[in-house]
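# Coordinates in review
Residue strings, one per chain:
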Amino acid sequence: MIKIENLSKSFGEIKAVHDLSFQVREGELFAFLGINGAGKSTTINIICGQLSKDTGSVLIDGIPLEKNPADTKGKLGVVFQKSVLDQALSVYDNLQSRAALYGISGKEFKERLSELASLLDFQDLLKRPVGKLSGGQRRKIDIARALLHHPKILILDEPTTGLDPQTRKLLWNVIEKIRKEEGMTVLLTTHYMEEAADADYVVIIDGGRLIAEGTPLELKNTYAGDFLTLYGAKEEDVKTLEVPYETIRNGYRIQVPHTAAATQLILQHPEIFEDYELTKGKMDDVFLAATGKKLEGGQEE
Amino acid sequence: MTTLFALIKRNIKLFFRDKGMFFTALITPMILLVLYATFLAKVYRDSFLAGLPQGLSMAEELINGCVGGQLISSILAVSCITVAFCSNMLMVQDKANGSLRDFSISPVRASTMAIGYYIATLISTLIICFIAAGICLLYTGKVGFYMSGKDVALLFGDILLLTMFGTALSSVINFFLSTQGQISAVGSIVSSCYGFICGAYMPISQFSEGLQKVLSILPGTHGTSLVRNHCLQGCFAEMEAQHFPKEVVDAMRDVVDCNVYFMDEPVALSSMYLYLGATVAVLIGIYVVLNVIKSKKAK
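Residues numbered from 1 in each chain as written. Chains lettered and ligands numbered in written order. Predicted model: local features only at pLDDT ≥ 70, side-chain atom pairs only at ≥ 80, totals over all residues. Heavy atoms only, no water.

With that out of the way, let us pick up the overall build of chain B. Of the regular secondary structure elements, chain B holds 12 helices and two strands. Here the C-alpha atoms of chain B give a radius of gyration of 20 Å, agreeing with the 19 Å that 2.2 N^0.38 yields for 299 residues. C-alpha atoms of chain B, sized along the principal axes, occupy 70 × 40 × 35 Å. Classification of the 299 residues of chain B by burial places 51% in the buried group. Sequence separation of 24 or more characterises 83% of the internal contacts of chain B that already satisfy a separation of 6 or more. Roughly 12,900 Å² of accessible area belongs to chain B as shown, and the carbon and sulfur atoms make up 69% of that amount. For chain B, the separation between the mean place of its 20 positive charges and that of its 17 negative charges on side chains is 20 Å. (Helix = DSSP H or I, 4+ residues; strand = E, 2+ residues; numbered from the N terminus. Rg over C-alpha atoms; globule rule 2.2 N^0.38 Å. Buried < 20%, exposed > 50% of the residue type's maximum accessible area, 1.4 Å probe, protein only. Contact = heavy atoms within 4.5 Å. Areas by Shrake-Rupley, 256 points an atom, 1.4 Å probe, with all protein chains shown as cover. Lys, Arg positive; Asp, Glu negative; His and termini not counted. Charge placed at Lys NZ, Arg CZ, Asp CG, Glu CD.)

Below, the structure is given as structure tokens:
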């Protein structure tokens, strides 16, 4: 659905994006990870047609971005980091004016508004000025605005930053529902690793370059390894395993490079592994291992 | 067309919902009227009487009518421009608060956006300037009213043309602005300077010859002269009806800039309309071209 090849963009001496290539498949939830200034927003701005690229190609639905920008823009729905709706106008007025940008008006608009209001549960907010809504309510309206024209691709630029967990969950449920029902492709940038962990595919960029890519499982296997948590064992027994470990509240946490190594360890010492669990590394570990940097969840750019 | 109409509606709604922007724009002409009537009416009156030849007397109501006409023409000539700049702040605010990004990710054309801002600003400014004109006419009705129905109609036509000019000028200037601070700075400069350079605060006939020549090139000077002509036409007609010498009436027209000279030749009213209209067309053209260039650069 989105194919980026050798994309580069510089601002003076600063190379914001350097020879970046990746693909987003149709219907996929694609997570784009990177610290502030890594080049995420520049890439998204190029995809949205708000910035010109220096070199490389961007294909949306198989068509080069520059070939028919108006048509391409009609396929994209974007939720910006900060709400860009008119604070002084009501929810209804905001959505009406934005729908008109896509030629949606009259009965067609009212029907779509009704669908979205029921889906995102904001029927009661239609007459309220956007500026008087809470953060979560405003986010719902931002998402509704992005979905007004049935986009094929939804771009979410840190959509849940600053929201309470309940609202985050609600929004993700809605996005998942629409994605599955309408086969919509979702490109997400986020600071929340648990959101990235739910993605179908993850790309990590740093300094404008692609550092790592793959499914969350592939990334975890490659960069984070596995963890064996051992309960009820004695420390002297754990020491005999001759592997690095850390003491936790009710047991010991042993890091192993991969699942096969864990299996081998268990089979070699079945007497020690009476009560244990095997867990994959977290996306935070992947990010740290891949970039050498820690991504602070929930911080606003 | 649906998109353009929706954008115009949105822009006008935002302007009138933003109480700060709306009241600032509305109150400016009112403040000017109060300030003029309080501080400048006597100055205008004295300079008007000083221009009368000795032994020639004029009825009190006619003097007041002339002074009132001069006052309201100055206020309206300035307001059409300053209110347009104030109304057109929305264009910059949209850049500052990110709304423009929201528009630019949609398939709407840059030229449609530009025209949307222009028409919305024009309508908002006209609403305020027509209200101001109504209040100004009530004021002259109280002090001395000599305008005919045709003069009033032409005055409203002048306001329309000057507002189109102010909106086009502000559109071109605001195109280069992107922050609230820049809006405030430009607003302050325009409010404080425009009245002087268009001959509203002081008739350009009172300036040095060189400055007069420079100012006579500016379209705003001709706009002010048009408004002034239609506000004072009735007073001059009344003077002629009262058998004032033609030379005296002509001299008075010169003093209050009803006559503007370009290369020492008087400029006809029709030429003023043509010049101002052409300037509006050129400015709108520049504005649309700037938007198209910007949009192409982004691709």
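What follows deals with the sheet that holds strand 3 (residues 29-33) of chain A. All names here are of chain A. Strand order in this open sheet of six strands is 6-7-8-3-9-10, and the pairing throughout is mixed. The sheet terminates laterally at strand 6 (76-79) and strand 10 (209-214), the two strands that pair on one side only. Strand-to-strand twist across the sheet, computed as the mean angle between neighbouring axes with direction ignored, equals 15°. Relative to strand 8 (residues 185-189), strand 3 is paired through four bridges, and the arrangement is parallel. Bridge pairing in strand 8 links Leu-29 to Val-186. This element, helix 5 (residues 135-147), spans strand 6 and strand 7 (153-157) of the sheet and lies at about 165° to strand 6. (Pairing = 2+ DSSP bridges. Axes fitted to C-alpha atoms, helices over the stretch in contact; angles between N-to-C directions.)

This brings us to the interface of chain B and chain A. With 24 residues of chain B at the interface, the matching set in chain A holds 28 residues. Of all residues in chain B, the largest losses of buried area upon contact with chain A belong to Arg101(B), Asp102(B) and Ile105(B), amounting jointly to 29% of the total for that side. Here chain B is connected to chain A by five salt bridges. The tally of links from chain B across to chain A stands at 12 residue pairs in polar contact (both at pLDDT 80 or more). Counting residues per element, the ones that place at least two in the side of chain B that touches chain A are helix 1 (2-17), helix 5 (99-104) and helix 12 (269-298) of chain B. (Buried area = accessible area lost by both parts, 1.4 Å probe. Salt bridge = Lys/Arg side-chain N within 4 Å of Asp/Glu carboxyl O. Polar contact = N/O pair within 3.5 Å; in protein donor to acceptor, adjacent residues only side chain to side chain.)

What follows covers the nonpolar core. One finds Val91(A), Leu95(A), Phe122(A), Ile155(A), Met58(B), Leu162(B) and Met239(B) to be the most contacted residues of the largest nonpolar core, which totals 165 residues. For this core, the element with the most residues is helix 3 (residues 60-87) of chain B, which contributes 15 residues. If we skip the residues at most four places from it in the chain, Leu95(A) touches Phe109(A), Leu113(A), Phe122(A), Ile141(A), Ala144(A), Arg145(A) and Leu148(A). Core analysis: the second largest hydrophobic core is formed by 14 residues, Leu230(A), Tyr252(A), Ala261(A) and Leu265(A) among them. (Core = buried A, V, L, I, M, F, W, Y, C linked by side-chain atoms within 4.5 Å.)

Once that is clear, we can look at the sheet that holds strand 4 (residues 55-60) of chain A. Strand pairs in the sheet, formed through backbone hydrogen bonds, run parallel or antiparallel to each other. All names here are of chain A. Strand order in this open sheet of four strands is 2-1-4-5, and the pairing throughout is antiparallel. Each edge of the open sheet is held by one strand with a lone partner, namely strand 2 (14-24) and strand 5 (63-64). Bridge count for strand 4 against strand 5 is two bridges, and the pairing is antiparallel. Among the inter-strand pairings, Ile-60 is bridged to a residue of strand 5, identified as Ile-63. Sitting on the sheet, helix 1 (residues 40-47) is in contact with strand 1 (2-11), strand 2 and strand 4, with an inclination near 115° to strand 1.

Under the defined criterion, the tally for this structure stands at 12 aromatic pairs over all chains. Residues Phe175(B) and Phe176(B) carry aromatic rings whose centres are separated by 5.3 Å and whose planes lie at 85° to one another, so their mutual orientation is edge-to-face. Given the relative accessible area of 13%, Phe175(B) is considered buried. Taken together through their ring pairs, the aromatic side chains of Phe22(A), Phe30(A), Phe32(A) and Tyr201(A) make up a single cluster. In this structure, Lys95(B) is placed above the aromatic ring of Phe175(B), and the distance from its NZ or CZ to the ring centre is 5.5 Å. Above the ring of Phe175(B), the side-chain terminus of Lys294(B) is found at 5.7 Å from the ring centroid. (Phe/Tyr/Trp six-rings, centres within 6.5 Å; stacked < 30°, edge-to-face > 60°. Lys NZ or Arg CZ within 6 Å of the ring centre and 35° of its normal.)

Our next topic: the domain arrangement of chain A. By domain assignment, chain A separates into domain 1 (2-218) and domain 2 (226-280). The straight-line distance from the C-alpha centre of domain 1 of chain A to that of domain 2 of chain A is 42 Å. (Domains from an automatic or database assignment.)

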